[in-house]
Amino acid sequence: PGLMPENDYDLAGFAVGVVDKKDIINGEDIKAGDVLIGMASSGVHSNGFSLVRKVFEMTKESLDTYYEELGGTLGETLITPTRIYVKALKSIKESGVRIKGCSHITGGGFYENIPRMLPEGVNAVIEKDSYEIPPVFGLLARKGQITEEMMYNTFNMGLGMVVAVDPSDADRTMEAVRAAGEQPYVVGRIEAGEKGVTLC
């Protein structure tokens, strides 16, 4: 919304892959006690920009404004390239760990994306202080007077990918993610309960 001028068009592409049935990650084996490991995002990534454009004026002056907390200009921060997690997920698989579920935190934030990997009868508990939230999200919340719930329902809030693994595989998973050049955090756990996400 608000991005495409009349008579302009957007060209998009996609890829389709094939996977052996035994290798499909569908979340059906996720159970209480499993560990949630998150991978750091590089910032806003490519989702939530309709809200970003409502909070900040998209003018040269606004985008060139330097913010001490960001360590750069608003424009530089907003166009930080999106992190892609293929190498990290491949590294986890090659380490021998079975990924029980994975959730790419894109549009819809935590509340819409994490439940997609969960079977019925379990709840994902995420500890908000278990990882570093990039300063751009604090700036957005403050300038736009956005509630915490709306922030977590729109943005990745510093986590671009979350995987569920058996507790015995947590250390190997962390090592594999680091080996792929990403920053992992143990961000929570799976508990018995209604399917959904609890932030604490």
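Every residue gets a number counted from 1 within its own chain, in the order that chain's sequence is written. Given that this is a predicted model, residues contribute local features only at a pLDDT of at least 70 and side-chain atom pairs are listed and counted only at 80 or more, while totals for whole chains, interfaces and linings are drawn from all residues. Hydrogen atoms and water are omitted, and side-chain values are computed over all heavy atoms in the structure.

Caption draft 1: Inspection of the overall build of the protein chain at higher detail. A count of helical and extended segments in the protein chain gives eight helices and eight strands. Just to be clear, the radius of gyration here is over C-alpha atoms, and the globule rule we use is 2.2 Å times residues to the power 0.38. Relative to the 2.2 N^0.38 estimate, which gives 16 Å for 200 residues, the radius of gyration of the protein chain is 18 Å and therefore close to what a compact globule would have. Its C-alpha atoms give the protein chain principal-axis dimensions of roughly 50 × 35 × 35 Å. Each of the 200 residues in the protein chain was classed as buried or not, and the buried ones make up 44%. By definition in these notes, contact holds between two residues if any of their heavy atoms fall within 4.5 Å. When contacts within the protein chain are restricted to residue pairs at least 6 apart in sequence, those whose partners lie at least 24 apart make up 83%. To be clear on the numbers: accessible area is Shrake-Rupley with a 1.4 Å probe, and residue cover counts the displayed protein chains and nothing else. Surface accessibility of the protein chain: about 11400 Å² in total, with carbon and sulfur atoms responsible for 52%. Only four residue types enter the tally: Lys and Arg on the positive side, Asp and Glu on the negative side; His and the chain ends are excluded. All charge positions are set by atom: Lys at NZ, Arg at CZ, Asp at CG, Glu at CD. The positive charge centre, built from 20 side chains, and the negative charge centre, built from 29, are 4 Å apart in the protein chain. Numbering of helices and strands starts at the N terminus; helices are DSSP runs of H or I of at least 4 residues and strands are runs of E of at least 2. Each residue gets one of three labels from its accessible area relative to the maximum for its type: buried under 20%, exposed over 50%, partly exposed in between, using a 1.4 Å probe on protein chains only.

Caption draft 2: Here's a closer look at helix α4 (residues 86-94). Considered for burial, the residues of α4 that qualify are Ala88, Leu89, Ser91 and Ile92. Projected onto a plane normal to the axis of α4, the buried residues spread over an arc of 160° and lie on a single side. Facing away from the buried side of α4 by more than 90 degrees, the exposed set consists of Val86, Lys87, Lys90, Lys93 and Glu94. Elements that come into contact with the buried residues of α4 comprise β1 (35-40), β6 (159-165) and α8 (170-179). Just beyond α4, the residue with positive phi is Gly96, at close to 95°. For this quantity, the arc is that covered by the directions from the helix axis to the C-beta atoms.

Caption draft 3: Region of the structure containing the nonpolar core. What is meant by a nonpolar core is a set of buried Ala, Val, Leu, Ile, Met, Phe, Trp, Tyr and Cys residues, joined one to another through side-chain atoms within 4.5 Å. Residues Leu36, Phe110 and Leu140 are the most contacted members of the largest nonpolar core, which totals 37 residues. Among the elements that make up this core, the one with the highest residue count is helix α6 (residues 135-144) (four residues). The contact partners of Phe110, leaving out residues within four places of it in the chain, are Ile105, Pro115, Ile126, Tyr131, Tyr152, Phe155, Asn156, Met157, Leu159, Val197 and Leu199.

Caption draft 4: The sheet that holds β6, seen in detail. Two strands are said to pair when DSSP picks up at least two bridges between them. On the basis of which strands lie adjacent, the open sheet formed by six strands has the order β4-β6-β1-β7-β5-β8 and mixed pairing. Edge positions in the open sheet fall to β4 (101-104) and β8 (196-199), since each of these has one partner strand only. Within the sheet, the average angular offset between the axes of one strand and its neighbour, ignoring direction, is 25°. Sheet topology places strand β5 (residues 122-126) next to β8; four bridges connect them, and they run parallel. Paired with Asn123 across the strands is Gly196, a residue of β8. To obtain an axis, a line is fitted to C-alpha atoms, over the contacting stretch when the element is a helix, and the angle between two such axes runs from 0 to 180 degrees between their N-to-C directions.

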